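Now for the letters of each chain:
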Amino acid sequence: MSSHAPPPTPADAPPEAPPAASHDVLIVGGGLVGASLAIALDLALGRSGLDVALLEAAPAGALPAVFDQRNLSLAEASVNALRTLGVMPRLRTPTGAIRRIHISRSGDFGRVRLEAAEHGRDSFGQVVVARDFGEALEATLASLPRLRRYRPARFLGFAAHGNDRRVARVATDAGESRIAARLVVAADGTASAVRDALGIATQHHDYDQTLFVARVRGERAPDGTAWERLTDHGPTAVLPRGDGHYGVIHGVARDEADAVAALDDAAFLVRLQQAFGWRAGRFLDVGPRNAYPMQRVLAERTIAPRAVLVGNAAQTLHPIGAQGFNLGLRDALTLVECIEDAQARGGDIGGADTLAAWAARRREDRERTLAFSDGLARTTANPSALAATMRGLGLFALDHDAALRARVVGGAMGYRGDVPRLCRGEAA
Ligand SMILES: Cc1cc2nc3c(=O)[nH]c(=O)nc-3n(C[C@H](O)[C@H](O)[C@H](O)COP(=O)(O)OP(=O)(O)OC[C@H]3O[C@@H](n4cnc5c(N)ncnc54)[C@H](O)[C@@H]3O)c2cc1C
């Protein structure tokens with residue numbers, strides 16, 4: 001693991017130029033978490049007159065690049081919230097319900113099968129394609145007349161500011177301008193420029209794996225099972241999409257990644273079938289593949305004066321446990337509740353008390369979710385005999401101990417720590 005401290009960023013612009021605009025909340029980054037936060041703030045706080053702005057580097061009319069072909073497993077808690085926020089009903093493609101989860105590892109004796117019905121649920125969550133999800137978020141954002149949107153607009157750094165607000169320096173098509181806010185939310189992803197400008201260091205860990213993501217058609221249609229097959233070089237997951245295809249994630253050792261990228265479709269399917277086996281029948285054809293080098297990036301702090309880090313800017317996880325966006329959404333929804341609380345007591349929405357209360361509420365979920373995802377990524381990729389035995393015992397215990405299963409399932413469905421109201425299915 002390595003630690004990276006950004007170079008100190010001075011308040012590097014002369015203080016005399018006044019901001020072009022001033023808002024209560026400025027969200028930097030309109031990706032999965034930033035867009036969801038803007039929608040949730042509008043729903044919860046619209047009537048209070050809070051003035052919210054969303055800054056995004058991608059131009060109007062183009063979805064940010066993160067809305068690609070990756071398949072996202074949305075935990076039940078996230079689905080609850082996104083339904084109330086009006087995003088789920090705007091999805092144009094059907095979602096794939098995850099009714100059971102099957103986990104096994106090549107070479108180990110353990111395997112586990114989790115049934116949603118056993119936990120009184122119809123499903124554990126839903127699979128959506130990031131591109132479809134991005135379009136549904138965009139349609140929802142477009143329906144919010146109060147939200148001020150800046151795009152294309154790139155956050156550059158902070159200018160000198162007083163104690164009651166921050167001033168962001170922003171590059172737009174018209175040149176550089178300044179935007180002031182009582183609270184700046186960094187939702188600008190793994191390489192967060194806001195985090196760097198705040199001088200917040202990060203811890204990096206490279207998993208030495210590359211994940212290939214693709215849509216695959218099989219001779220059998222998905223039956224609601226999400227399969228996770230673990231190997232020495234990462235997971236191969238086969239997810240039930242709603243369009244009759246499988247969403248496939250295939251992890252390979254980094255030094256094999258170029259060779260796998262060079263495979264033609266037929267050779268890639270043979271490789272996939274070898275890694276995964278025949279549980280879902282024969283794979284027939286594969287769509288375009290995207291590749292992602294796997295790393296974990298953790299911010300050492302998630303708050304600073306008048307600023308807060310959410311989503312990948314705060315923590316970028318290995319996708320093995322399908323937790324990254326689910327966790328980031330809970331960061332965002334908890335922030336909305338803390339801002340509401342501050343308003344209700346006549347407090348300062350960007351003040352130190354408000355941000356400390358948010359960080360305290362997020363601690364348990366963040367720590368437990370990080371430990372779960374990282375533990376899964378590291379132990380499943382460890383080929384030693386001892387690790388194999390421990391894994392076998394772990395999977396065996398999970399398969400045979402109903403209380404343990406209920407705890408693991410509850411966490412994976414997004415119910416860890418202090419759960420935001422919308423995730424529990426309560427009204428905004
Ligand atoms: C292969 C793969 C599979 C995954 N599967 C799952 C899953 O099943 N479930 C799950 O919960 N998560 C999953 N994830 C994780 C999920 O994609 C991330 O957690 C999520 O994208 C984080 O959202 P974010 O908004 O924090 O960051 P991003 O989505 O990266 O958005 C950041 C946004 O900020 C903008 N931006 C960046 N810099 C600036 C700047 N200087 N100025 C203005 N704007 C800027 C970008 O254009 C972008 O729109 C997966 C990830 C991968 C790679």
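Here, every reference points to the structure presented above.
Reading the values: the criteria
Residues numbered from 1 in each chain as written. Predicted model: local features only at pLDDT ≥ 70, side-chain atom pairs only at ≥ 80, totals over all residues. Axes fitted to C-alpha atoms, helices over the stretch in contact; angles between N-to-C directions. Helix = DSSP H or I, 4+ residues; strand = E, 2+ residues; numbered from the N terminus. Left-handed = near helix turned anticlockwise from the far one by under 90°. Contact = placed C-beta atoms within 7 Å. Buried ≥ 20, exposed ≤ 12 C-beta atoms within 10 Å, placed from the backbone. Pairing = 2+ DSSP bridges. Core = buried A, V, L, I, M, F, W, Y, C linked by C-beta atoms within 7 Å.

Draft legend 1. Examining the packing of helix H1 (residues 32-45) against helix H3 (residues 130-142) more closely. Relative orientation of the contacting elements H1 and H3 amounts to 35°, with a least axis distance of 10 Å. In the packing of H1 onto H3, the handedness of the crossing is left-handed. Listed contacts from H3 to Ala35, Ser36, Ala38 and Ile39 of H1 are Leu137, Thr140 and Leu141.

Draft legend 2. How the structure looks around the pairing of strand S15 (residues 234-240). With seven of seven residues buried, S15 is to be regarded as a mostly interior element. Where strand S14 (residues 225-231) and S15 come together, five bridges link them in antiparallel fashion. Of the residues in S15, the one forming a bridge with Arg229 is Thr236. The pairing of S15 with strand S16 (residues 246-253) spans five bridges and is antiparallel. Bridge assignment links Val238 to a residue of S16, and that residue is Val248. What sits between the antiparallel neighbours S15 and S16 is a turn of five residues, in which Gly244 has the positive phi angle 90°.

Draft legend 3. Representation of the nonpolar core in the model. Ile27, Leu37, Val185, Ala186 and Val310 are the most contacted members of the largest nonpolar core, which totals 113 residues. The element contributing the most residues to this core is H1, with ten residues.

Draft legend 4. Region of interest: the pairing of strand S6 (residues 100-105). Burial along S6 is one-sided: Ile101, Ile103 and Arg105 are buried, while Arg100, His102 and Ser104, pointing the other way, are not. As defined by bridge partners, S6 adjoins strand S7 (residues 111-115) across five bridges and the pair is classed as antiparallel. Each residue of the ladder has a partner; that of Ile101, found in S7, is Leu114.

Draft legend 5. Region of interest: the sheet that holds strand S5 (residues 96-98). As summarised here, the arrangement of the three strands in space is S4-S8-S5, forming an open sheet in which the pairing is antiparallel. The two strands at the open ends of the sheet, each matched to only one other strand, are strand S4 (71-75) and S5. Between one strand axis and the next, the sheet turns through 30° on average, direction left out of account. Note: S5 against strand S8 (residues 125-129), three bridges, orientation antiparallel. Looking at S8, one finds that Ala97 is bridged to Gln126. In the packing of H3 onto the sheet, contacts are made with S4 and S8, and the angle to S8 comes to roughly 90°.

Draft legend 6. Structural context of the environment of Leu54. Here Leu54 is to be found in strand S3 (residues 52-55). Judged by the 28 C-beta atoms lying within 10 Å of it, Leu54 is buried. It is 7.8 Å that separates the C-alpha atoms of Leu54 and Ala35, two residues lying 19 residues apart in sequence. Excluding its chain neighbours within four sequence positions, the residues that come into contact with Leu54 are Ile27, Gly30, Gly34, Ala38, Leu147 and Arg149.

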